[in-house]
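Secondary and tertiary structure notes
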Amino acid sequence: MKNLIIAAAILALSACSSMKSTSDFDPSVSFEQYKTYAWVEKKNEDAGYHLDGLMDQRIRVAIENQLSQKGISKTEKQNADLLVNYITKVDKKINIDTFNSNFGYNPYYGPRWGLGGSIHSETTVREYDVGTLMVDLVDNKTGKLIWRGTVADTVREQSTPEERINTINQAIGSVMMNYPPKPNK
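Position labels on residues start from 1 in each chain and follow its written sequence. Owing to the predicted nature of the model, reporting of local features is limited to residues with pLDDT of at least 70; listing and counting of side-chain atom pairs is limited to 80 or more, with chain, interface and lining totals taken over all residues. Processing note: side-chain calculations cover all non-hydrogen atoms of the structure and skip hydrogens and water entirely.

Observations regarding the environment of Val151
Starting at the N terminus, helices and strands are each numbered in turn, a helix being any DSSP run of H or I of at least four residues and a strand any DSSP run of E of at least two. Mapped onto the fold, Val151 is located in strand β6 (residues 145-154). Three labels apply to residues, based on accessible area from a 1.4 Å probe with only protein chains included: buried if under 20% of the type maximum, exposed if over 50%, partly exposed otherwise in between. Residue Val151 is classed as buried on the basis of its relative accessible area of 0%. Placed 23 residues apart in sequence, Val151 and Ser174 show a C-alpha to C-alpha distance of 7.4 Å.

Written as structure tokens, this is what we have:
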């Protein structure tokens, strides 16, 4: 069941205005030195949850395409400058909205109360899921995390494989747009 929730979270990440993308990095690192990467080896799959095979493939292909566009090529782990990993999670959120409306004449208000009207309040409570995808880049020599990109959005249903692929590509493109970080001037 958790696989379905995580897959739905990743499907939610889209280029809508609600997509939030951020990144963080180690400012002491010279990012020009990184030319090759390899994937972090999966640990015990029973620990926690993992995406289904198709979503995992889609995310990996999107990340690999972005790294390739940045001139970073895939290689064997022992030769890699960077190790790449991604993490997914889903958080439940609650949105509470209260609307007040004042309308109409209330005959029970006399001249000393003004003409006033009826005041009505309506409160709506909405529970929704926010899916988050984090991409980590680790220096293979030191084992230190040097860059993390994160993208989050409200979970939405996607119906076709093409829509899912497009959503993943947009989300990864949004997060990898911040790599390599721009040096401060």
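Once the structure has been displayed, the description carries forward.
Focus: the nonpolar core
Ranked by size, the top nonpolar core spans 27 residues in total, and within it Ile63, Leu82, Ile146, Trp147, Ile172, Met176 and Tyr179 carry the most contacts. Contributions of two or more residues to this core are made by β2 (36-39), α2 (53-69), β4 (82-103), β5 (118-139), β6 and α3 (161-176). Whether two residues touch is decided by their heavy atoms; if any such pair falls within 4.5 Å, the residues are in contact. Not counting chain neighbours up to four residues away, the residues in contact with Leu82 comprise Tyr34, Thr36, Tyr37, Ala38, Ile72, Leu137, Val138, Asn140, Ile146 and Tyr179. For this analysis, a nonpolar core means a set of buried residues of the types Ala, Val, Leu, Ile, Met, Phe, Trp, Tyr and Cys, connected via side-chain atoms within 4.5 Å.

Section: the packing of α2 against α3
It is at 9 Å that the axes of α2 and α3 come closest, and there the two elements cross at 40°. Overall, the two elements α2 and α3 adopt an arrangement that is oblique. Along this stretch, α2 crosses α3, giving a crossing that reads as right-handed. Residues Met55, Arg58, Ile59, Ala62, Ile63, Gln66 and Leu67 of α2 form the contact with α3, whose participating residues are Pro161, Arg164, Ile165, Ile168, Asn169, Ile172, Gly173 and Met176. Each residue gets one of three labels, nonpolar for Ala, Val, Leu, Ile, Met, Phe, Trp, Tyr, Cys and Pro, charged for Asp, Glu, Lys and Arg, and polar for the others, Gly among them. The class makeup of the residues in the contact of α2 with α3 is 10 nonpolar, three polar and two charged. Lines are fitted to the C-alpha atoms to define the axes, a helix being fitted only along its stretch in contact, and any angle between axes, read from their N-to-C directions, falls within 0 to 180 degrees. We call two directions roughly parallel when the angle between them is under 35 degrees, roughly antiparallel when it is over 145, roughly perpendicular when it lies between 65 and 115, and oblique otherwise. In this scheme, a crossing is called left-handed if the near helix is turned counterclockwise away from the far one by less than a right angle; it is called right-handed if the turn is clockwise.

A short note on the packing of aromatic side chains
Pairing of aromatic rings covers Phe, Tyr and the six-membered ring of Trp, with a centre-to-centre limit of 6.5 Å; geometry is then stacked below 30 degrees between planes, edge-to-face above 60, and tilted otherwise. Scanning the entire structure with this criterion turns up five aromatic pairs. Look at Trp147 and Tyr179: their rings are 5.4 Å apart centre to centre, the planes differ by 75°, and that puts the pair in the edge-to-face class. Highlighted residues: Trp147 in strand β6 and Tyr179 in the segment after α3, separated in sequence by 32 residues. According to the relative accessible area criterion, Trp147 is buried, its value standing at 0%. Through a chain of ring-to-ring contacts, three or more aromatic side chains come together here, namely Phe25, Phe31, Tyr34, Trp147 and Tyr179. Sitting over the ring of Trp39, Arg60 keeps its end group 4.3 Å from the ring centre. Geometrically, a lysine NZ or arginine CZ counts as sitting over a ring once it is within 6 Å of the ring centre and also within 35 degrees of the ring normal.

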